[in-house]
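Geometric and topological summary
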Amino acid sequence: SLPAKLINGGIAGLIGVTCVFPIDLAKTRLQNQQNGQRMYASLSDCLIKTIRSEGYFGMYRGAAVNLTLVTPEKAIKLAANDFFRHHLSKDGKKLTLLREMLAGCGAGTCQVIVTTPMEMLKIQLQDAGRIAAQKKLMAAQAQLSSSPAAAAAEPAVEARTTATQITRELLRSKGIAGLYKGLGATLLRDVPFSIVYFPLFANLNKLGQKDPNVKAPFYVSFLSGCVAGSTAAVAVNPCDVIKTRLQSLQRGVNEDTYSGILDCTKKIWQREGPTAFFKGAYCRALVIAPLFGIAQVVYFIGIAEFLLDMLPKHRA
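Before going into details, it helps to say that this report is about the structure given with it. (Residues numbered from 1 in each chain as written. Predicted model: local features only at pLDDT ≥ 70, side-chain atom pairs only at ≥ 80, totals over all residues. Heavy atoms only, no water.)

**Topic: the packing of helix 7 (residues 183-207) against helix 8 (residues 218-235)**
Axis separation between helix 7 and helix 8 bottoms out at 8 Å; the angle between their running directions is 150 degrees. Considering the angle they form, helix 7 stands roughly antiparallel to helix 8. Remark: the crossing between helix 7 and helix 8 carries right-handed chirality. Contact residues: F193, V196, Y197, L200, F201, L204 and N205 in helix 7; V220, S221, S224, G225, V227, A228, G229, T231, A232 and A233 in helix 8. Classifying every residue of the contact of helix 7 with helix 8 gives eleven nonpolar, six polar and no charged. (Axes fitted to C-alpha atoms, helices over the stretch in contact; angles between N-to-C directions. Helix = DSSP H or I, 4+ residues; strand = E, 2+ residues; numbered from the N terminus. Parallel < 35°, antiparallel > 145°, perpendicular 65-115°, else oblique. Left-handed = near helix turned anticlockwise from the far one by under 90°. Contact = heavy atoms within 4.5 Å. Nonpolar A, V, L, I, M, F, W, Y, C, P; charged D, E, K, R; others polar.)

Now the structure itself:
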């Protein structure tokens, strides 16, 4: 049933995001740093420096936004894919690869309703620590060069901005369109991702089914979700880099600003080289693999069906 699909998708998203959010934060910071003031050399370097400067919970900046909105996002994505697969199938026959890709395309298009504002707010909170650390480093270097005594002074405490504050400011200054900045880039990432992910997962998962009418074992669904998710994530990473750059409202010292997708693509290619489009690719693979592995296990086990079935018994 649709309620069961929505609940399964929501539970899957909450569990998955909680497990992998620190890696997602590192991915955002690695993708946003440009040539010049590079704060982090790798995933591990980013996480270590984040813990040292912001504490353990610094790795979860922006997690509240993600946890709040990931339930409707994952629910829409998984339920929409099932909806399109059902309506594209003919008399219950196996879907062709083209129809599977069309179903994935429909799911990716539907989910951006929630994904775009969620990513917009999350990126501001995730990247705030990097920009603050860069400013502190620049200030310390300037003080050291002018006065060693001044460099020893206690740095100013960073005033943390909340998602609510960012939302209010965007709505006040730009209206609802402010929360949907980067919508085109989000579509450019999520639609191809779903086109790759859902058919690949479905076909990998079928390899573990002994009978077409029986679900594959949970470990097969988990591994299929991991492989399909990481493959799709790396394939669309260039689009994710562009989306992250376009949705960042604040820039570090001497960092480029962009007017749109083409301008962003051109500047990254010319000033940072083609390899810049794959910044954070391994982080994204590490995020997406368990995220979708967990999502598919929860979704296919059907926790929601169990909970919904228990309600009448409980009432009785």
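**Quick look at the nonpolar core**
With 30 residues, the main nonpolar core has L43, F193, Y197, I288, L291 and F292 as its most contacted residues. Where this core is concerned, the elements lending two or more residues are helix 1 (2-32), helix 2 (43-54), helix 3 (63-88), helix 7, helix 8 and helix 11 (281-301). Ranked by the residues each element gives to this core, the list is headed by helix 1, at six residues. (Core = buried A, V, L, I, M, F, W, Y, C linked by side-chain atoms within 4.5 Å. Buried < 20%, exposed > 50% of the residue type's maximum accessible area, 1.4 Å probe, protein only.)

**Examining helix 6 (residues 163-174)**
Between the first and last C-alpha of helix 6 there are 16 Å, a value that for twelve residues agrees with the 16 Å anticipated at 1.5 Å per step. Taken together, the buried positions of helix 6 are occupied by A163, I166, T167 and L170. Looking straight down helix 6, one finds that the buried residues subtend no more than 100 degrees of arc, so they occupy a single side. Those residues of helix 6 that are exposed and aimed more than 90 degrees away from the buried face are R168 and R172. Just beyond helix 6, the residue with positive phi is G175, at close to 75 degrees. (Expected span 1.5 Å × (residues − 1). Arc of directions from axis to C-beta.)

**A closer look at the pattern of salt bridges**
Counted under the stated rule, the structure contains 19 salt bridges. R172 serves as the salt-bridge partner of E169, at 2.7 Å between the closest nitrogen and oxygen. With E169 and R172 both in helix 6, this residue pair falls three residues apart, about one helical turn. Of the charged contacts in the structure, one is a salt bridge between D240 and R189, with a shortest N-O distance of 2.8 Å. Here R189 lies in helix 7 and D240 lies in helix 9 (residues 237-247), a separation of 51 residues in the sequence. For D240, a relative accessible area of 0% corresponds to the buried category. (Salt bridge = Lys/Arg side-chain N within 4 Å of Asp/Glu carboxyl O.)

**A short note on the packing of helix 9 against helix 10 (residues 261-272)**
Running from N to C, helix 9 and helix 10 cross one another at 110 degrees; their axes reach a closest spacing of 10 Å. Here helix 10 runs roughly perpendicular to helix 9, going by the angle between their axes. Residue-level inspection shows V241, I242, R245 and L246 of helix 9 in contact with helix 10, the latter providing I261, C264, T265, I268 and E272. Its residues placed into classes, the contact of helix 9 with helix 10 shows six nonpolar, one polar and two charged.

**Describing a nonpolar patch on the surface**
On the surface, a nonpolar cluster with roughly 440 Å² of combined accessible area is contributed by F218, Y219, F222 and L223. Inspection of the secondary structure assignment puts Y219 in helix 8. Classification of Y219 as partly exposed rests on a relative accessible area of 49%. (Patch = residues over 30% accessible without salt bridge, like charges linked within 9 Å, V, L, I, M, F, W, Y side chains within 5 Å. Areas by Shrake-Rupley, 256 points an atom, 1.4 Å probe, with all protein chains shown as cover.)

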